[in-house]
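Observations on the model geometry
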Amino acid sequence: MIRQTIDYGIDLGTTNSEIAYIDPGMPPIVAENNYNEKITPSAVACSNKGQLLIGKAAYAQYASHRWEDEDNVHTQFKRRMGTDDSFLFPYNGRRFFAHELSAEVLKELRLSVERRSGEKIDAAIVTIPAAFEQPQIAATRKAAELAGFQICELLQEPVAASLAYGIRD
C-alpha cells in the first residue's frame, strides 16, 4: 500500500523511543521492535565482534555493568544533538556523532515496522523538545535522513501533545 499521508509518528526520546501510527480512534504505539515491545531503549552498543547493537540488546550490554563493555555502549546521546561531540566504540574503533547514533535508533524503529507489516515507511513525524534550537533541529533532520526517511516533519513535543489530545472524540 502506498500512503498519501504521513501516518507514523516517532518519539525519539533521550532514554526510550517509540513509534505509533494513525488508526481510527487513538494512535496506538506499535509493538514492533525485535523483542515485540512498545518501547525501544535509545541506546547503541558495539559487541566485542564489532557489530552494532541497537535498543534492548544495547541496553542489556549497558546494564550488565561489565567494565570491558562500558565504553562500548552509548545512551542519552540526544542531549548532544547538534554539537561536535562524538562517541567512540573501542571494540570496532568507529566514532559517531549524536545524530548518527539517533539515526541508528530511528532506523531500528522503521525497519522493525517494515519487517512486521511489509510496508515501506519513508515518511514520519518526529517529535522534538520545545527547547531544541536550530543546530539540534538540523541534527534531528539529518538523523531521520540517515535512517532512510525521505520525508520527516519535526513537531515540538508540546504541540504534538495538544494535537493528539485534540483528535479524541
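The notes below deal with the structure included here. All values derive from a computational prediction rather than experimental measurement.

Let us now look at helix H2 (residues 98–117). With 20 residues, H2 extends 29 Å between its outermost C-alpha atoms, agreeing within 8% with the 28 Å of an ideal straight helix rising 1.5 Å per residue. Positioned one or two residues after H2, Gly-118 has a phi angle of 75°, which is positive.

Formed by 32 residues in total, the largest nonpolar core has its most connected members in Ile-10, Val-44, Phe-77, Leu-101, Leu-106, Val-126 and Phe-149. Sorting the residues of this core by element identifies strand S1 (8–11), strand S4 (43–46), strand S7 (86–89), H2, strand S9 (123–128), helix H3 (134–146) and strand S10 (151–156) as the ones contributing at least two each. Among the elements that line this core, the one with the most residues is H2, at 7 residues. Excluding its chain neighbours within four sequence positions, the residues that come into contact with Val-44 are Leu-52, Leu-53, Ile-54, Ala-58, Asn-72, Val-73, His-74, Phe-77, Phe-89, Leu-101, Glu-104 and Val-105. Ala-43, Ala-45, Leu-53 and Val-73 belong to the second-largest nonpolar core, a separate cluster that totals 5 residues.

About the criteria used
- Residues numbered from 1 in each chain as written.
- Predicted model: local features only at pLDDT ≥ 70, side-chain atom pairs only at ≥ 80, totals over all residues.
- Heavy atoms only, no water.
- Helix = DSSP H or I, 4+ residues; strand = E, 2+ residues; numbered from the N terminus.
- Expected span 1.5 Å × (residues − 1).
- Core = buried A, V, L, I, M, F, W, Y, C linked by side-chain atoms within 4.5 Å.
- Buried < 20%, exposed > 50% of the residue type's maximum accessible area, 1.4 Å probe, protein only.
- Contact = heavy atoms within 4.5 Å.

Remember that the coordinates give geometry; whether it matters functionally is a separate question.
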